[in-house]
Amino acid sequence: MNLFYDVVAPYITSPRHFTRFRSAISVTWPAIRNDVNVADFIALETLRLYEPNAFKAIRLRKSTLCGLRANERGCRRETVPRLNPI
């Protein structure tokens, strides 16, 4: 719910915005529904539609945001990435 109120709701301010958003997710969601978290998907779609520069920055740095690194034993584990401005 935090993602909805913090990311989505500020952009859905008219019926036209809702229709645009609904149309966008109706095309992309069926193809990936089993592979992604619905809340993450909705937040990213909102950014893609209404904040294309922010979405582009995320897309260009996806390995930083979702990357893995090896630990002492050589096993890979998730990391908390450090972001630098573009």
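Quick caveat, the model's predicted, so the values are computed rather than measured. (Residues numbered from 1 in each chain as written. Predicted model: local features only at pLDDT ≥ 70, side-chain atom pairs only at ≥ 80, totals over all residues. Heavy atoms only, no water.)

Novice: Go over the overall build of the protein, please, and point to the residues and values.
Specialist: When helices and strands are tallied, the protein shows five helices and two strands. Mapped in sequence order, the helices and strands of the protein form the string α-α-α-α-α-β-β. Buried residues in the protein amount to 15% of all 86 residues. (Helix = DSSP H or I, 4+ residues; strand = E, 2+ residues; numbered from the N terminus. Buried < 20%, exposed > 50% of the residue type's maximum accessible area, 1.4 Å probe, protein only.)

Novice: Just give me the short version of the pattern of salt bridges, but keep the residues and values in it.
Specialist: Scanning the entire structure with this criterion turns up one salt bridge. Between Glu45 and Arg48 there is a salt bridge, with its nearest N and O atoms 2.8 Å apart. Highlighted residues: Glu45 and Arg48, both in helix 3 (residues 38–50), separated by three residues, approximately one helical turn. (Salt bridge = Lys/Arg side-chain N within 4 Å of Asp/Glu carboxyl O.)

Novice: Before we move on, could you go through the side chain of Thr46 and cite the residues and values that matter?
Specialist: For Thr46, the position within the fold is in helix 3. Among all residues touching Thr46, those that are not within four sequence positions of it are Val7, Val8, Tyr11, Phe21 and Glu51. (Contact = heavy atoms within 4.5 Å.)

Novice: Describe the environment of Thr13, with residues and values.
Specialist: Topologically, Thr13 is positioned in the loop between helix 1 (2–8) and helix 2 (15–32). Looking at Thr13, its side chain comes within polar contact range of the side chain of His17, at 3.0 Å. (Polar contact = N/O pair within 3.5 Å; in protein donor to acceptor, adjacent residues only side chain to side chain.)

Novice: Summarise the packing of aromatic side chains; cite the residues concerned and give the values.
Specialist: Evaluation of the coordinates by the stated rule reveals three aromatic pairs. Between Phe4 and Tyr5, the ring centres sit 5.2 Å apart and the planes meet at 80°, which makes this aromatic pair edge-to-face. We classify Tyr5 as exposed; its relative accessible area is 51%. Ring geometry for Trp29 and Phe41: centres 5.1 Å apart, planes at 45°, overall tilted. Here Phe41 lies in helix 3 and Trp29 lies in helix 2, a separation of 12 residues in the sequence. Look at Phe41 and you get buried, because its relative accessible area is 8%. Stacked on the ring of Tyr50, the Lys or Arg Arg20 has its end atom at 5.0 Å from the ring centre. (Phe/Tyr/Trp six-rings, centres within 6.5 Å; stacked < 30°, edge-to-face > 60°. Lys NZ or Arg CZ within 6 Å of the ring centre and 35° of its normal.)

Novice: A description of the confidence of the model for the protein should follow, citing residues and the corresponding values.
Specialist: Parts of the prediction with low pLDDT should not have their coordinates interpreted in detail. Residue-level pLDDT values for the protein average 80, and 77% of them are 70 or greater. Mean pLDDT across the elements of the protein ranges from a minimum in strand 2 (residues 76–78), with 51, to a maximum in helix 2, with 91. (pLDDT = per-residue confidence, 0-100.)

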